[in-house]
Amino acid sequence: MPFTDLQESIELHFAAGTAAVADPNALSSFLSLRDALEGGLLRAASPDANSATGWKVNAWVKRGILLGFRLGALEESGDSGLSFVDKHTYPARHFRATDGVRVVPGGSSVRAGAYVARGVVCMPPMYINAGAYVDEGTMVDSHALVGSCAQIGKRVHLSAAAQIGGVLEPVNASPVVIEDDVLVGGNSGVYEGTIVRKGAVLAAGTILTRGTPVFDLVKGDVLRATAEMPLVIPENAVVVPGSRAVTKGNGQEWGLSLYAPVIVKYRDEKTDLSTALEDLLR
Ligand SMILES: CC(C)(COP(=O)(O)OP(=O)(O)OC[C@H]1O[C@@H](n2cnc3c(N)ncnc32)[C@H](O)[C@@H]1OP(=O)(O)O)[C@@H](O)C(=O)NCCC(=O)NCCS
């Protein structure tokens, strides 16, 4: 089915509400969408040079992903060991050696409707949710989460316990975007539609949300999300977790400080050395 027809069909079945559950055409449209997501042919958000953020949200694709949850009935899976119960529309994906994706045993799961490119390495335990897009050569390390619809570029390193938030609803909300060659350090968290531009480095423990101001020591700017734009970390920025003094009221009196991510520099040769990927692991 051409994607324009698929879009029309998804919109129709999504608008039908619970009536879609009894309609076999709704399930077949959803399964076409899920195949296209897994094949990397459709994405919840895609690069768009004409948009202010550089990314366009494909709201109808997100509606289709939500439709899959509405259509899903609970089904049991698992063998004699662990057993599971989940919506039948979102089983765990099965990979073959020819897919070129290494999934090391040990509590990892990639949900149906997620795209995982060749050359991606998934270290256990990790989880990639429906609608996520993970591009070539990326490392998803132990305890990392790629939330629903999150867009992860090429050669990204999601270090141990990095949490990339998902945004499925509202459907026009921009998902978290991590562009090519970014390093997300261990225990970092990127949430609420934040965009991390190419080559940026988030040091271990950096947390970014819509409400987190980021202090750029190099350019003298304070970066914030606005009503129209999410928080955007510039290309090649090196962000480390810092703190800032509270300068008024009780906070000042009590000597408190607040968490403040700081851009200490822009990527240089030393950063490249510090963040060189362990090729041997691939
Ligand atoms: C950010 C990082 C890559 C270092 O980059 P770098 O370009 O080599 O940085 P530099 O050592 O030149 O440091 C630049 C400045 O930032 C400070 N800085 C560096 N890393 C920092 C951190 N994690 N927290 C706070 N400050 C940090 C340095 O002290 C220095 O400031 P100064 O000049 O005032 O002393 C490294 O700290 C890091 O976090 N790596 C990721 C580790 C990780 O999570 N690995 C995962 C493996 S699973």
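Anything mentioned here points back to the structure above.
## Considering the site of the ligand
Item 1. Neighbouring the ligand are 18 residues, the closest being Gly 186, Lys 265, Lys 270, Thr 271 and Ser 274.
Item 2. At 3.2 Å from an oxygen atom of the ligand is found a main-chain nitrogen or oxygen belonging to Ala 204.
Item 3. Here an oxygen atom of the ligand and a side-chain polar atom of Lys 270 are 2.7 Å apart.
Item 4. Taken by itself the ligand offers 920 Å² of open surface, and the protein chains cover 54% of this.
Item 5. If you list the elements that add at least two residues to the shell around the ligand, you get strand S25 (237–245), strand S26 (257–266) and helix H5 (269–275).
Item 6. When residues of the shell around the ligand are assigned to their parent elements, the largest contribution, four residues, is made by H5.
Item 7. Here the shell around the ligand is built from residues that sort into nine nonpolar, six polar and three charged.

## Remarks on the environment of Val 246
Item 1. Relative to the helices and strands, Val 246 is located in the loop between S25 and helix H4 (249–253).
Item 2. Sequence separation between Val 246 and Ser 257 is 11 residues; the distance between their C-alpha atoms is 5.2 Å.
Item 3. If sequence neighbours within four positions are ignored, Val 246 has contacts with Gly 251, Gln 252, Leu 256, Ser 257 and Leu 258.

What counts, and at which threshold
Residues numbered from 1 in each chain as written. Predicted model: local features only at pLDDT ≥ 70, side-chain atom pairs only at ≥ 80, totals over all residues. Heavy atoms only, no water. Near = heavy atom within 4 Å. Polar contact = N/O pair within 3.5 Å; in protein donor to acceptor, adjacent residues only side chain to side chain. Areas by Shrake-Rupley, 256 points an atom, 1.4 Å probe, with all protein chains shown as cover. Helix = DSSP H or I, 4+ residues; strand = E, 2+ residues; numbered from the N terminus. Nonpolar A, V, L, I, M, F, W, Y, C, P; charged D, E, K, R; others polar. Contact = heavy atoms within 4.5 Å.

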